[in-house]
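Structural overview for review
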Amino acid sequence: MAHALVVGAGIAGEALAVALARDGWRVTVVEVAPEIRTGGQTVDLRGDSRQVLVDLGLIDEVLAHLVPQRGIAWIRADGSRMAEMPVEAFGGRGLISSEELLRSDLARVLHGAAGAAGVEYRFADTVEQLTDTTEGVEVRFRSGPVEVFDVVVGADGSHSRTRSLRFGPESAYRKPLGLAHAWFTLQEGPGTPLLDGWALSYNEPGRRGLTARPGHPGQQEIGMTFAASTVPRAHDARLAVLDDAFHGAGWRAAEFLAAARTAPDLALDTYDQIHIDRGWSDGRVVLVGDAAWCASPLSGLGTALGLRGAAELAEALRRHGVSAEPTAERIRAAFSSFEQVMRPRAAAAQKLLPGRVRMVAPKTRRGIRANAMVMRVVQAPAFLRVVRFLAGGRGHDDGAGPEPSRPDRSRQAG
Ligand SMILES: Cc1cc2nc3c(=O)[nH]c(=O)nc-3n(C[C@H](O)[C@H](O)[C@H](O)COP(=O)(O)OP(=O)(O)OC[C@H]3O[C@@H](n4cnc5c(N)ncnc54)[C@H](O)[C@@H]3O)c2cc1C
């Protein structure tokens, strides 16, 4: 039986593991964390994500985890609203959808399906060395053992170790966008301002943004965005960076800084893109998801691309009959088909709308007000009528306008 090693039990890795195991592969997943990682904000099911989950037969299970949401509002320091966009805006095609679930719930559903399909896991471990042999790829794990796999898939995110081992240092592929983002889960207490289903977004001059979004009952998912191209790794140093960036900021900044200190799932990372022009595979090793093409949270497409990439890689391996006969030629052909399908999608996602970074974290008060005004204007009936007219005057009034720029991916991918 052909044996695949998937490095990383994230969204792309788990989805791929499910598909391969169902196709008759023996699949091992190695994940550096001691268990499936929780945390992260919501995943939008519109578009590709939904289709891949339908194809995997998991959509009903996923839909059972939807977070009830009413929309997004841009607020002032005192919490009053400058603009809002309900989930009904643009006929359901606005920034926030009624079909979103937490990334951690999606990860759990995929993990459950992978377990049921017989996928084997090695948690708290990673790959240390990848060596080509005539038999396959010889993998030395950090925990010591050495095993040979027919195929190794790096699904270990934007800071992929598989990529570093096989393709060279991250610096050769990383394009920082100049912003960093912290996210964590806040437990509501007696004095916590409630969200009532609304995602709230607050900006301070100097490229600083705070978001609070509905999470599981009694919880809020917090995002803190600020200007930076690198962030430290150590926990205390991370807290110090956040303190520096948000010291004296308005709205709930002080409350969030205090909550970050005790949040078990605090994560901090830069907004980066990964561009690998030389191709995503090397022999029997291939990259998928953020490891290959991270478009950054600002694209709003990380999860959709991860899921679609996993589906296309599994499909290419299936079409080339690799599980039955995992020869180097078949594997090369499959990886090449996979890349042909995914390259244009990834490249399109990486083309951010002009001014996207500035919009997420404006520099000045004027920029913050201008953003809010744009959000009001694009929803105004008169504006929508003009757009419809310019677009060729579609007769019926279906309430659907142009899809505005994708949301601040302090919220998750679509
Ligand atoms: C905990 C978490 C929270 C996130 N929250 C957000 C968010 O709020 N907004 C947003 O836009 N994007 C977020 N992301 C990124 C988003 O999940 C991805 O852009 C998208 O889903 C594509 O997923 P991926 O599987 O390629 O990468 P990821 O989802 O990043 O998964 C990569 C997996 O690989 C594991 N890994 C990393 N290094 C190694 C290693 N050396 N060996 C083995 N395993 C390794 C990681 O622990 C992780 O489980 C988050 C990712 C994680 C892991």
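Small disclaimer: the values here were computed from a predicted structure and weren't measured.

1. Notes on the environment of threonine 225
With respect to the element layout, threonine 225 can be found in strand β15 (residues 219–227). Look at threonine 225 and you get buried, because its relative accessible area is 2%. In this structure, the C-alpha to C-alpha distance between threonine 225 and arginine 208, residues 17 residues apart in sequence, is 5.6 Å. With sequence-adjacent residues up to four places away left out, threonine 225 is seen in contact with Leu179, Ala180, His181, Arg207, Arg208, Gly209, Phe246, Tyr271 and Val360. Among the polar contacts made by the side chain of threonine 225, one reaches the side chain of histidine 181 at a distance of 2.8 Å.

2. Quick word on the sheet that holds strand β9 (residues 137–141)
In sheet architecture, strand pairing relies on hydrogen bonds along the backbone and comes in two forms, parallel and antiparallel. Ordered by their spatial adjacency, three strands build an open sheet running β8-β9-β10, and the pairing between neighbours is antiparallel. Among the strands making up the open sheet, the edge pair consists of β8 (127–132) and β10 (146–149). For this sheet the average axis-to-axis angle between neighbouring strands, irrespective of direction, equals 25 degrees. Bridge count between β8 and β9: five bridges; the pairing is antiparallel.

3. Concerning the sheet that holds strand β7 (residues 120–123)
In space, the six strands of this open sheet follow the order β7-β2-β1-β11-β18-β17, with mixed pairing throughout. A strand with exactly one partner marks an edge of an open sheet, and here the two such strands are β7 and β17 (281–282). Examined bridge by bridge, strand β1 (residues 3–7) and strand β11 (residues 151–154) share four bridges and lie parallel to one another. Along β11, the bridge assignment pairs leucine 5 with valine 152. Along the sheet, helix α1 (residues 11–22) contacts β1, β2 (26–31), β7 and β11; its crossing angle with β2, the most-contacted strand, is approximately 165 degrees.

4. Some details on the pattern of salt bridges
Here the structure, examined in full by the defined rule, presents 26 salt bridges. As a salt-bridge pair, arginine 50 and glutamate 99 come within 2.8 Å of each other at their nearest N and O atoms. Residue arginine 50 is located in helix α2 (residues 48–55), and its partner glutamate 99 is located in the loop between α4 (89–92) and β6 (100–102); the two are separated by 49 residues in the primary sequence. Residue classification places arginine 50 among the partly exposed residues on the basis of a relative accessible area of 28%. The shortest N-O distance in the salt bridge between glutamate 325 and arginine 330 comes to 3.5 Å. Residue glutamate 325 is classed as partly exposed on the basis of its relative accessible area, which comes to 41%. Residue arginine 330 is classed as partly exposed on the basis of its relative accessible area, which comes to 29%. A cluster of three or more residues bridged by salt bridges with shared partners is formed by Asp23, Glu315, Arg318 and Arg319.

5. Section: the packing of aromatic side chains
The relation between two aromatic rings is expressed through the spacing of the ring centres and the mutual angle of the planes. Throughout the structure, instances matching the rule amount to eight aromatic pairs. Aromatic pair tyrosine 202 and tryptophan 251: ring centres 6.1 Å apart, planes at 50 degrees, arrangement tilted. Placement of the pair is tyrosine 202 in strand β13 (residues 198–204) and tryptophan 251 in the loop between α7 (235–246) and α8 (253–262), with a sequence separation of 49 residues. By the burial criterion, tyrosine 202 is buried, and tryptophan 251 matches it. An angle of 55 degrees between the planes, with centres 6.0 Å apart, marks the rings of tryptophan 280 and phenylalanine 338 as tilted. Here phenylalanine 338 lies in helix α11 (residues 328–350) and tryptophan 280 lies in the loop between β16 (267–274) and β17, a separation of 58 residues in the sequence. Neither tryptophan 280 nor phenylalanine 338 differs from the other in exposure class; each is buried. Members of the aromatic cluster, each reached through a chain of ring pairs, are Tyr202, Trp251 and Phe256. One Lys or Arg, arginine 81, reaches over the ring of tryptophan 198 and ends 4.4 Å from the middle of that ring.

6. Focus: a nonpolar patch on the surface
Together, Met373, Val377 and Phe383 make up an exposed nonpolar region whose accessible area comes to about 240 Å². Examined against the element boundaries, phenylalanine 383 turns out to sit in helix α14 (residues 381–390). For phenylalanine 383, a relative accessible area of 31% puts it in the partly exposed group.

7. Considerations on the pairing of strand β12 (residues 174–187)
As paired strands, β12 and β16 are joined by seven bridges and run antiparallel to one another. In the strand pairing of β16, histidine 181 is matched with aspartate 269. Across nine bridges, β12 lies against β15 in antiparallel orientation. Note that in β15 the partner of phenylalanine 184 across the bridge is isoleucine 222.

8. Describing the nonpolar core
Trp25, Val27, Leu106, Leu110, Trp293, Leu313 and Phe338 are the most contacted members of the largest nonpolar core, which has 64 residues in total. If one sorts the elements of this core by residue count, α1 sits on top with nine residues. Residues contacting leucine 313, with those up to four places away along its chain left out, are Leu16, Val153, Val286, Val288, Phe335 and Phe338. Residues Ala73, Leu186, Ala245 and Phe256 belong to the second largest nonpolar core, which totals 30 residues.

Analysis parameters
- Residues numbered from 1 in each chain as written.
- Predicted model: local features only at pLDDT ≥ 70, side-chain atom pairs only at ≥ 80, totals over all residues.
- Heavy atoms only, no water.
- Helix = DSSP H or I, 4+ residues; strand = E, 2+ residues; numbered from the N terminus.
- Buried < 20%, exposed > 50% of the residue type's maximum accessible area, 1.4 Å probe, protein only.
- Contact = heavy atoms within 4.5 Å.
- Polar contact = N/O pair within 3.5 Å; in protein donor to acceptor, adjacent residues only side chain to side chain.
- Pairing = 2+ DSSP bridges.
- Axes fitted to C-alpha atoms, helices over the stretch in contact; angles between N-to-C directions.
- Salt bridge = Lys/Arg side-chain N within 4 Å of Asp/Glu carboxyl O.
- Phe/Tyr/Trp six-rings, centres within 6.5 Å; stacked < 30°, edge-to-face > 60°.
- Lys NZ or Arg CZ within 6 Å of the ring centre and 35° of its normal.
- Patch = residues over 30% accessible without salt bridge, like charges linked within 9 Å, V, L, I, M, F, W, Y side chains within 5 Å.
- Areas by Shrake-Rupley, 256 points an atom, 1.4 Å probe, with all protein chains shown as cover.
- Core = buried A, V, L, I, M, F, W, Y, C linked by side-chain atoms within 4.5 Å.

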